[in-house]
Amino acid sequence: MESGFASASAITDQRQKIEQYKLILSTVIASSDITQAKKFIDHILSDDVPLVVSRQLLQTFAQELGRLEPEAQKEIGHFILNQIQPRVVSFEEQIYMFS
(Lines give C-alpha, C1' and ligand atoms only; values in the text may rest on other atoms or scores of the structure.)
Protein backbone atom coordinates (compact mmCIF):
# COMPACT_ATOMS: atom_id res chain seq x y z
CA MET A 1 0.00 0.00 0.00
CA GLU A 2 2.91 2.36 0.74
CA SER A 3 4.13 2.16 -2.86
CA GLY A 4 0.59 2.99 -4.00
CA PHE A 5 0.62 6.08 -1.78
CA ALA A 6 4.01 7.12 -3.15
CA SER A 7 2.94 6.76 -6.76
CA ALA A 8 -0.36 8.59 -6.16
CA SER A 9 1.43 11.41 -4.32
CA ALA A 10 3.81 11.85 -7.25
CA ILE A 11 1.00 12.45 -9.77
CA THR A 12 0.75 16.14 -10.60
CA ASP A 13 -2.63 16.13 -12.37
CA GLN A 14 -5.30 16.49 -9.69
CA ARG A 15 -7.94 14.36 -11.46
CA GLN A 16 -5.49 11.55 -12.07
CA LYS A 17 -4.30 11.78 -8.47
CA ILE A 18 -7.89 11.44 -7.18
CA GLU A 19 -8.55 8.49 -9.49
CA GLN A 20 -5.39 6.74 -8.32
CA TYR A 21 -6.38 7.22 -4.68
CA LYS A 22 -9.88 5.93 -5.46
CA LEU A 23 -8.31 2.74 -6.81
CA ILE A 24 -6.38 2.35 -3.56
CA LEU A 25 -9.57 3.06 -1.60
CA SER A 26 -11.51 0.39 -3.49
CA THR A 27 -8.81 -2.13 -2.57
CA VAL A 28 -8.99 -1.06 1.08
CA ILE A 29 -12.79 -1.35 1.17
CA ALA A 30 -12.74 -4.72 -0.59
CA SER A 31 -10.23 -6.07 1.95
CA SER A 32 -12.39 -4.97 4.94
CA ASP A 33 -9.09 -4.45 6.76
CA ILE A 34 -9.52 -1.79 9.44
CA THR A 35 -5.76 -1.29 9.78
CA GLN A 36 -5.42 -0.58 6.07
CA ALA A 37 -8.40 1.78 6.22
CA LYS A 38 -6.74 3.71 9.05
CA LYS A 39 -3.46 3.90 7.13
CA PHE A 40 -5.37 5.22 4.12
CA ILE A 41 -7.07 7.87 6.26
CA ASP A 42 -3.80 8.88 7.91
CA HIS A 43 -2.19 9.28 4.51
CA ILE A 44 -4.95 11.28 2.82
CA LEU A 45 -5.09 13.63 5.82
CA SER A 46 -1.32 14.15 5.76
CA ASP A 47 0.47 17.09 4.22
CA ASP A 48 1.41 14.83 1.28
CA VAL A 49 -2.14 15.16 -0.08
CA PRO A 50 -3.61 18.53 -1.10
CA LEU A 51 -6.65 19.62 0.93
CA VAL A 52 -8.99 19.61 -2.06
CA VAL A 53 -8.00 16.00 -2.82
CA SER A 54 -8.39 14.99 0.84
CA ARG A 55 -11.91 16.41 0.92
CA GLN A 56 -12.93 14.55 -2.23
CA LEU A 57 -11.47 11.28 -0.96
CA LEU A 58 -13.16 11.60 2.43
CA GLN A 59 -16.50 12.09 0.70
CA THR A 60 -15.87 9.02 -1.43
CA PHE A 61 -14.80 7.07 1.66
CA ALA A 62 -18.00 8.09 3.45
CA GLN A 63 -20.06 6.81 0.52
CA GLU A 64 -18.19 3.49 0.49
CA LEU A 65 -18.16 2.98 4.26
CA GLY A 66 -21.59 1.32 4.16
CA ARG A 67 -20.05 -1.69 2.42
CA LEU A 68 -18.21 -2.62 5.61
CA GLU A 69 -19.55 -4.44 8.66
CA PRO A 70 -21.35 -2.17 11.17
CA GLU A 71 -18.61 -2.50 13.82
CA ALA A 72 -15.92 -1.63 11.27
CA GLN A 73 -17.99 1.34 10.10
CA LYS A 74 -18.24 2.61 13.66
CA GLU A 75 -14.54 2.14 14.45
CA ILE A 76 -13.38 3.77 11.22
CA GLY A 77 -15.91 6.59 11.51
CA HIS A 78 -14.68 7.42 15.03
CA PHE A 79 -11.09 7.20 13.84
CA ILE A 80 -11.77 9.64 10.99
CA LEU A 81 -13.53 12.12 13.27
CA ASN A 82 -10.61 11.99 15.73
CA GLN A 83 -8.05 12.45 12.95
CA ILE A 84 -9.73 15.47 11.38
CA GLN A 85 -10.62 17.17 14.66
CA PRO A 86 -7.49 19.37 14.66
CA ARG A 87 -8.42 20.59 11.15
CA VAL A 88 -12.18 20.75 11.72
CA VAL A 89 -12.66 24.02 9.83
CA SER A 90 -11.11 22.51 6.70
CA PHE A 91 -13.42 19.48 6.75
CA GLU A 92 -16.80 20.77 7.94
CA GLU A 93 -18.84 19.10 5.19
CA GLN A 94 -16.98 15.80 5.50
CA ILE A 95 -17.44 15.73 9.29
CA TYR A 96 -21.18 15.94 8.77
CA MET A 97 -21.04 12.83 6.58
CA PHE A 98 -19.40 10.77 9.36
CA SER A 99 -21.50 12.06 12.25
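Residues numbered from 1 in each chain as written. Predicted model: local features only at pLDDT ≥ 70, side-chain atom pairs only at ≥ 80, totals over all residues. Heavy atoms only, no water.

Undergrad: Go over the pattern of salt bridges with me, naming the residues and quoting the values.
TA: Taken as a whole, this structure holds 3 salt bridges when the rule is applied. Between Lys 22 and Glu 19 there is a salt bridge; the shortest N-O distance is 4.0 Å. Of the two residues, Lys 22 and Glu 19 both sit in helix H2 (residues 14-31), 3 residues apart, roughly one turn of that helix. Owing to a relative accessible area of 26%, Lys 22 belongs among the partly exposed residues under this scheme. With relative accessibility at 46%, the residue Glu 19 sits in the partly exposed group. Notably, a salt bridge pairs Lys 38 with Glu 75, separated by 2.9 Å at the nearest N-O pair. Placement of Lys 38 in helix H3 (residues 34-44) and of Glu 75 in helix H5 (residues 70-84) is noted, with a sequence separation of 37 residues between them. (Salt bridge = Lys/Arg side-chain N within 4 Å of Asp/Glu carboxyl O. Helix = DSSP H or I, 4+ residues; strand = E, 2+ residues; numbered from the N terminus. Buried < 20%, exposed > 50% of the residue type's maximum accessible area, 1.4 Å probe, protein only.)

Undergrad: Please give an account of the side chain of His 43 that cites residues and values.
TA: By the secondary structure assignment, His 43 is in helix H3. Classification of His 43 as buried rests on a relative accessible area of 10%. When near neighbours in sequence (up to four residues on either side) are disregarded, His 43 contacts Phe 5, Ser 9, Tyr 21, Asp 48 and Val 49. (Contact = heavy atoms within 4.5 Å.)

Undergrad: How would you explain the packing of H2 against helix H4 (residues 51-64) if you had to name every residue and give the values?
TA: Between H2 and H4, the shortest axis-to-axis distance is 10 Å and the interhelical angle comes to 30°. Accordingly, the angle class assigned to the pair H2 and H4 is roughly parallel. Classified by chirality, the crossing of H4 by H2 is right-handed. Where H2 abuts H4, its residues Gln 14, Lys 17, Ile 18, Tyr 21, Lys 22, Leu 25 and Ile 29 lie against Val 52, Val 53, Gln 56, Leu 57, Thr 60, Phe 61 and Glu 64. Partitioning the contact of H2 with H4 into residue classes produces 8 nonpolar, 3 polar and 3 charged. (Axes fitted to C-alpha atoms, helices over the stretch in contact; angles between N-to-C directions. Parallel < 35°, antiparallel > 145°, perpendicular 65-115°, else oblique. Left-handed = near helix turned anticlockwise from the far one by under 90°. Nonpolar A, V, L, I, M, F, W, Y, C, P; charged D, E, K, R; others polar.)

Undergrad: Before we move on, could you go through the packing of helix H1 (residues 2-10) against H2 and cite the residues and values that matter?
TA: Contact pair H1 / H2: the axes reach a minimum separation of 8 Å and the direction vectors enclose 165°. Considering the angle they form, H1 stands roughly antiparallel to H2. Seen from above, H1 lies across H2 with left-handed handedness. Of the residues in H2, those touching H1 at Gly 4, Phe 5, Ser 7, Ala 8 and Ser 9 are Lys 17, Gln 20, Tyr 21 and Ile 24. When its residues are assigned to classes, the contact of H1 with H2 shows 4 nonpolar, 4 polar and 1 charged.

Undergrad: Please give an account of the side chain of Thr 60 that cites residues and values.
TA: With respect to the secondary-structure elements, Thr 60 resides in helix H4. With sequence-adjacent residues up to four places away left out, Thr 60 is seen in contact with Lys 22 and Leu 25.

None of this, on its own, says anything about what the molecule does.
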